[in-house]
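Given next are the chains, with one letter for each unit.
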Amino acid sequence: MNLRRILAVSYKEWREIVRDRLFLTLAFVVPAALMLVFGFGLTLDVEHLPFAVVDHDKSAASRDYLHRYIDSRYFDYRGDLESERDIARLLAASRIRLAIVIPPRFGERLAQGRAVAVQTLIDGTFPFRTSSSKGYVVAINSAYNGELLARYISDRMGVTLDAAMTMAQPVKVEMRYMFNQEIRSTWSIASVLVMFVLMITPPFLTALGVVREKENGSIYNIYASTVTRGEFLIGKLAPYVGISLLNFLILWLLATHLFGAPFKGDPLFFALASIIFVSCTTGIGLLVSLFVRTQVAAMMLTVVVTIVPSVLYSGLLVPIASMDPMGQFEAHLFPAMYYADIVLGSFLKGVGLDVLWGKALALALYAAVLWTASFLLFHKRPKA
Amino acid sequence: MKFLDDDLRGRVGLWLWRFWAMMLKELIQLGRDSLLVFAITYLFLFDVYMAGNVGMNLKNAVVTVHDADHSAASRELIYRFQPPYFKLGGEMADGRAGQRLLDTGEALVVLDIPPRFEHDIQSGKPTAVQVQVDAANTVLGFLAASYSAQIIGQYGFDQALARLGVSASALENVPMIRDEHRVWYNPNQKDAWFMPLSELLVVITIMAIMLPAAAAVREKERGTIEQLLVTPLSPIQILLPKVVAMTLVILLGTAASILLVLHGVFDFPMKGSLALFFTVTALYAFTTSGLGIFISTLARNLAQAALLAILVLLPMIFLSGAWTPPEAMPAGLREAMVLSPLYYFIEMGYGILLKGAGLDILWDSLLGLALLGMTIFGLGVWRFRRQFG
């Protein structure tokens with residue numbers, strides 16, 4: 001290892017990057033832009049679900065019940081329908097996501113002290129939206145039932161409505177959201193986005209680096225030079241690691257200052273873990289670049305190993321805990337998951353090395369394997 | 001008159017022949033890049049398959065209990081936390097241990113039942129159960145909180161009825177709403193009926209933008225564009241075969257993915273017309289390639305093109321509702337969704353395949369896609385022709 005030769009290779013790569021103005025600009029614009037778009041847009045708070053009503057009763061009681069939905073911010077009232085037959089069409093066209101069918105004699109039966117079945121039809125296309133909608137429906141119904149029961153108790157036992165209310169709902173729930181008090185998606189999402197962006201952009205910056213030299217033939221200058229393969233790889237990657245670390249700093253500032261995500265953890269540990277992660281993801285790009293012969297193939301393979309796992313297997317949207325064993329196994333194959341835990345731990349939970357050392361170790365191993373594989377794959381005397 | 005016909009036929013024949021030759025060239029070039037073929041196959045088959053193994057449902061979330069009452073009533077409540085949503089993770093002697101379990105992620109929910117819980121319920125005094133939820137992961141936190149509240153609410157309701165002496169058979173004679181919700185199209189809410197198709201439509205989008213962009217930039221970067229320029233081919237004759245070739249690759253991949261993965265592995269219900277689905281896919285892939293062509297005119301090398309493609313692709317996928325439902329988009333972005341061609345494609349993909357809808361219902365999405373797609377494609381072609389100017 002000769003430091004001067006490494007520096008020479010790095011300097012050459014750096015000049016190339018700086019002279020490609022569009023590339024240099026994009027290297028900083030893409031991460032920041034992704035952070036901004038997803039940070040502002042990516043929420044999972046399902047609200048304003050459009051719904052329609054088939055009210056066969058049209059009584060004061062049925063309107064009172066329906067207003068629980070109409071007045072809720074989770075639902076958007078889109079009007080009354082004549083019959084159940086219209087529901088299918090509206091659901092199929094995604095004009096509504098939910099339809100409520102009030103049976104005839106709804107008010108009358110309740111007044112007589114009898115139970116009534118209310119049908120709710122829910123669009124099941126997007127399972128997460130469906131679970132949320134079901135949750136809202138159950139909550140509205142149980143609140144309404146609590147009131148009905150309270151009135152019933154108060155009538156039958158002759159107690160005041162307030163006392164009856166307690167009897168109807170004897171067990172209260174005190175819900176406490178840990179780490180994210182208002183269960184604000186922005187907080188956890190802004191912090192996990194640091195992972196997401198660092199998983200996608202560094203590999204793309206590096207993926208075309210070596211293969212470009214191979215495809216253009218400029219790699220022969222390296223083959224013919226005294227630079228060893230280790231020196232070449234380190235020198236070649238150093239500028240990209242540098243750019244990615246600068247991006248990491250920008251992303252961290254955006255997450256904490258623009259999106260207001262709290263940072264409770266150990267900054268030193270987080271910075272070190274992030275350096276390991278960035279060398280991991282640049283390593284992914286390098287490996288892809290050594291593996292292929294053409295830039296197009298490098299680009300598509302990078303999509304395969306970055307975008308997909310960082311969306312599906314990082315815990316950004318899809319919780320890993322609820323995957324089936326096959327999914328969990330796949331998630332453990334990608335570095336995204338480990339870093340996502342480190343990010344969440346450092347930002348929201350305020351835990352450090354003592355809890356997260358295992359994840360940091362996994363990342364370090366991952367980086368070591370990637371770099372060793374790259375070293376072994378790169379030859380100055382190519383066979384073909 | 002006859003002379004003119006012959007001339008016209010000759011010109012059309014020549015045009016088609018050149019088109020065919022160029023398209024073949026693109027397909028051969030792609031086919032010889034074995035790693036590129038591997039990447040494309042992987043995305044269409046394995047990636048879509050892998051998407052079927054994940055989901056956004058709460059499954060076996062660990063509930064740890066601190067039971068300060070140890071009564072029949074508290075045990076009954078605890079045992080209502082059952083799979084598939086929850087899994088009991090044991091009891092703690094001390095309430096403070098819960099915080100540590102949440103820190104390390106060993107528990108998602110910590111349930112705290114107060115002393116004298118049973119006594120309070122039986123004597124009609126209000127009591128409260130504390131639920132602590134790890135909300136660091138919003139999806140899980142939200143669902144766990146919502147289901148816990150449902151379970152405890154139902155428990156309280158049952159206790160109230162029991163105290164009133166209402167038996168299960170007499171429930172009809174209590175004024176209450178019986179909630180009968182039915183889920184359409186995917187009654188068991190299988191994630192495997194959502195994620196793989198959404199992933200397939202995303203993969204189609206990635207290909208439709210990246211493949212033509214790469215095919216066009218590559219010629220510039222390697223200098224082979226000079227060779228093409230000295231041929232009698234017009235810019236359109238250079239461009240169209242590339243786009244059609246990539247569209248064919250995409251259609252082939254989509255067919256394989258639908259047949260082998262969606263139908264073969266996940267038993268996805270193909271309710272609507274497959275012919276309509278493939279027509280829409282062809283229209284989508286063809287028009288969306290306009291974005292790729294546009295990118296290729298801005299970039300001088302593939303590294304630039306790749307970064308530009310990401311800058312366009314990810315927001316476009318995000319605004320389509322493939323990852324989060326449109327109802328979860330903040331105001332402003334909800335409206336911006338009409339600018340993402342994938343938004344219409346997703347609507348139609350699920351509309352046709354899962355809901356069994358036809359053009360009578362989906363015509364407005366098709367119109368939106370056609371108008372937006374044609375604009376995008378026109379823009380791409382205009383830029384492409386200009387760069388030869």
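We now examine the overall build of chain A. The number of helices and strands found in chain A is 15 helices and 5 strands. The globule rule puts the C-alpha radius of gyration for 384 residues at 21 Å, and the 29 Å found for chain A is more than 25% above it. Out of the 384 residues in chain A, the part that is buried amounts to 59%. In the form shown here, chain A has an accessible surface area of approximately 15,000 Å², with 62% of it arising from carbon and sulfur atoms. Here chain A carries 36 positive and 29 negative side-chain charges, and the mean point of each set is 11 Å from the other.

In this section: the pattern of salt bridges. Scanning all chains against the criterion turns up 29 salt bridges over all chains. Between Arg-105 of chain A and Glu-108 of chain A there is a salt bridge whose closest N-O contact spans 3.4 Å. Residue classification places Glu-108 of chain A among the partly exposed residues on the basis of a relative accessible area of 41%. Between Lys-355 of chain B and Asp-123 of chain A there is a salt bridge, with its nearest N and O atoms 3.2 Å apart. Pair noted here: Lys-355 of chain B is in the loop between helix H13 (341-353) and helix H14 (359-386) and Asp-123 of chain A is in strand E4 (residues 116-123), and the two residues belong to different chains.

Time to look at helix H10 (residues 229-258) of chain A. All names here are of chain A. Here H10 is 30 residues long and its end C-alpha atoms lie 42 Å apart, about the 44 Å a rise of 1.5 Å per residue gives. The sharpest bend along H10 measures roughly 30° and falls at Ala-238, with the proline Pro-239 sitting one to four residues further on. Within two residues after H10, Gly-260 carries a phi angle of roughly 70°, on the positive side.

All names here are of chain B. Counting buried positions along strand E3 (residues 109-113) yields 5 of 5 residues, so the element is predominantly enclosed. Where burial is concerned, the two faces of E3 agree: the one with Val-109, Leu-111 and Ile-113 and the one with Val-110 and Asp-112 are both buried. Pairing of strand E1 (residues 61-67) with E3, which is carried by 5 bridges, proceeds in the parallel orientation. Note on E3: the bridge partner recorded for Val-65 is Leu-111. Summarising the sheet, E3 and strand E4 (residues 127-134) pair through 4 bridges and their orientation is antiparallel. Across the sheet, the residue bridging to Val-110 is Gln-132, located in E4.

Residues and elements named next belong to chain B. Structurally, Ser-340 can be placed in the loop between helix H12 (333-336) and H13. Here Ser-340 falls in the buried class, since its relative accessible area comes to 2%. Side-chain polar atoms of Ser-340 contact the backbone oxygen of Met-316, separated by 2.8 Å. When near neighbours in sequence (up to four residues on either side) are disregarded, Ser-340 contacts Met-316, Leu-319, Ser-320 and Leu-372.

A separate point is the nonpolar core. Counting 243 residues, the largest nonpolar core has Met-195, Phe-204 and Tyr-339 of chain A together with Phe-86 and Met-210 of chain B as the members making the most contacts within it. Once residues within four sequence positions are removed from consideration, Met-210 of chain B is found in contact with Phe-204, Met-299, Met-300 and Val-303 of chain A together with Ala-306, Ala-309, Ile-310 and Leu-313 of chain B.

At the interface, 126 residues of chain B touch 128 residues of chain A. By the criterion of area lost to chain A, the three top residues of chain B are Ile-177, Leu-307 and Glu-327 of chain B, representing 7% of everything that side buries. At the junction of chain B and chain A, the tally comes to 7 salt bridges. Across the salt bridge formed by Lys-349 of chain A and Asp-134 of chain B, the nearest N and O atoms sit 3.3 Å from each other. Run the count over chain B and chain A and you get 35 residue pairs in polar contact (both at pLDDT 80 or more). Of all the elements, helix H6 (residues 138-164) of chain B adds the most residues to the side of chain B that touches chain A, at 21 residues.

Below, the discussion takes up the packing of helix H7 (residues 195-222) of chain B against H13 of chain B. Residue and element names in this part refer to chain B. Running from N to C, H7 and H13 cross one another at 140°; their axes reach a closest spacing of 10 Å. Put simply, H7 runs oblique to H13. The handedness of the crossing between H7 and H13 comes out as right-handed. Here H7 contributes Leu-197, Ser-198, Leu-201, Val-202, Ile-204 and Thr-205 to the contact with H13, which in turn contributes Leu-342, Phe-345, Ile-346, Gly-349, Tyr-350 and Leu-353.

Here the structure, examined in full by the defined rule, presents 38 aromatic pairs over all chains. Taking 5.6 Å as the distance between ring centres and 80° as the angle between the ring planes, the aromatic pair formed by Trp-252 of chain A and Phe-263 of chain A counts as edge-to-face. Of the two residues, Trp-252 of chain A is situated in helix H10 and Phe-263 of chain A in the loop between H10 and helix H11 (267-291); the sequence distance between them amounts to 11 residues. Since its relative accessible area comes to 21%, Phe-263 of chain A is described here as partly exposed. Ring centres 4.0 Å apart and planes at 10° place the aromatic pair Phe-277 of chain A and Tyr-339 of chain A in the stacked group. With Phe-277 of chain A in helix H11 and Tyr-339 of chain A in helix H14 (residues 336-349), the pair connects residues that are 62 residues apart, well separated along the chain. Just as Phe-277 of chain A is buried, Tyr-339 of chain A falls in that class too. The side chain of Arg-383 of chain B reaches across the aromatic face of Phe-294 of chain B, ending 5.7 Å from its centre. Taking NZ or CZ as reference, Arg-386 of chain B lies 5.0 Å from the ring centre of Trp-382 of chain B, over its face.

Moving on, we get to the side chain of Asn-301 of chain B. By the element assignment, Asn-301 of chain B lies in the loop between helix H10 (274-298) and helix H11 (302-318). Assessed through its relative accessible area of 9%, Asn-301 of chain B is described here as buried. For Asn-301 of chain B, the side chain forms a polar contact with the side chain of Asp-20 of chain A, separated by 3.0 Å. Here Gln-304 of chain B takes part through its backbone nitrogen, which lies 2.9 Å from a polar atom of the side chain of Asn-301 of chain B. The residues contacting Asn-301 of chain B, other than those within four sequence positions of it, are Asp-20 and Arg-212 of chain A together with Val-217 and Glu-221 of chain B.

On to the domain arrangement of chain B. By the assigned domains, chain B splits into domain 1 (22-54 + 189-386) and domain 2 (61-173). One C-alpha centre belongs to domain 1 of chain B, the other to domain 2 of chain B; they are set 48 Å apart.

Here chain A is described as being made up of domain 1 (3-42 + 182-377) and domain 2 (49-168). Placing a centre on the C-alpha atoms of domain 1 of chain A and another on those of domain 2 of chain A gives a separation of 49 Å.

Attention now moves to the packing of helix H12 (residues 295-312) of chain A against H7 of chain B. Running from N to C, H12 of chain A and H7 of chain B cross one another at 155°; their axes reach a closest spacing of 10 Å. Taken together, H12 of chain A and H7 of chain B sit at an angle that is classed as roughly antiparallel. In this structure, H12 of chain A crosses over H7 of chain B, and the sense of that crossing is right-handed. Here Gln-295, Val-296, Met-299, Met-300, Val-303, Val-308 and Leu-312 of chain A of H12 of chain A come into contact with H7 of chain B, specifically with Met-195, Glu-199, Ile-206, Met-207, Met-210, Leu-211, Ala-214, Arg-218 and Glu-221 of chain B.

So, how was this worked out
Per chain, residues are indexed from 1 in the order of the written sequence. As a convention, the first chain written is A and the first ligand written is 1, with the rest following in written order. pLDDT decides what is reported in this predicted model: residues at 70 or higher carry local features, side-chain atom pairs at 80 or more are listed and counted, and totals for whole chains, interfaces and linings draw on all residues regardless. By convention in this description, side-chain values take in all heavy atoms of the structure and omit both hydrogens and water. Where helices and strands are cited, they refer to DSSP runs of H or I of at least four residues and of E of at least two residues respectively, numbered from the N terminus. When we talk radius of gyration, it's over C-alpha atoms, and the globule rule is simply 2.2 Å times the number of residues to the 0.38. Any residue under 20% of the maximum accessible area for its type is buried, any over 50% is exposed, and the rest in between are partly exposed; the area is computed with a 1.4 Å probe on protein chains only. Reported accessibility uses the Shrake-Rupley method at a 1.4 Å probe radius. Residues are deemed covered only where the shown protein chains occlude them. Here the positive residues are Lys and Arg and the negative ones are Asp and Glu; neither His nor the chain ends is included. Charge placement uses NZ in Lys and CZ in Arg. For Asp and Glu, CG and CD serve respectively. Salt bridge, as applied in this entry: a Lys or Arg side-chain nitrogen positioned within 4 Å of an Asp or Glu carboxyl oxygen. Expected span of a helix, by definition, is 1.5 Å for each gap between consecutive residues, and there is one gap fewer than residues. The seven residues ending at a residue and the seven starting there each receive a fitted axis; the angle between those axes is the bend at that residue. At least two bridges found by DSSP between two strands is the condition for calling them paired. We define a polar contact as two N or O atoms separated by no more than 3.5 Å, with the added condition that, inside protein, one atom must be a possible hydrogen donor and the other a possible acceptor, whereas residues neighbouring each other in sequence contribute only through side-chain atom pairs. Note on contacts: a residue pair is in contact if any heavy atoms of the two residues lie within 4.5 Å. The set of buried Ala, Val, Leu, Ile, Met, Phe, Trp, Tyr and Cys residues whose side-chain atoms join them within 4.5 Å is what this entry labels a nonpolar core. By convention, the term buried area covers the 1.4 Å-probe accessible surface removed from two parts as they join, with the contributions of both added. A fitted line through C-alpha atoms serves as each axis, taken over the contacting stretch for helices, and the angle formed by two N-to-C directions is quoted from 0 to 180°. The scheme is simple: roughly parallel for angles under 35 degrees, roughly antiparallel for over 145, roughly perpendicular for 65 to 115, oblique for anything else. Here a crossing is called left-handed whenever its near helix is offset anticlockwise from the far helix by less than a right angle, and right-handed whenever the offset is clockwise. We call Phe, Tyr and Trp rings a pair once their centres come within 6.5 Å, taking the six-membered ring for Trp, and we label the pair stacked below 30 degrees between planes, edge-to-face above 60, and tilted otherwise. Criterion for a charge above a ring: Lys NZ or Arg CZ within 6 Å of the ring centre, and within 35 degrees of the ring normal. In this document the domain limits rely on a domain assignment from an automatic tool or a database.

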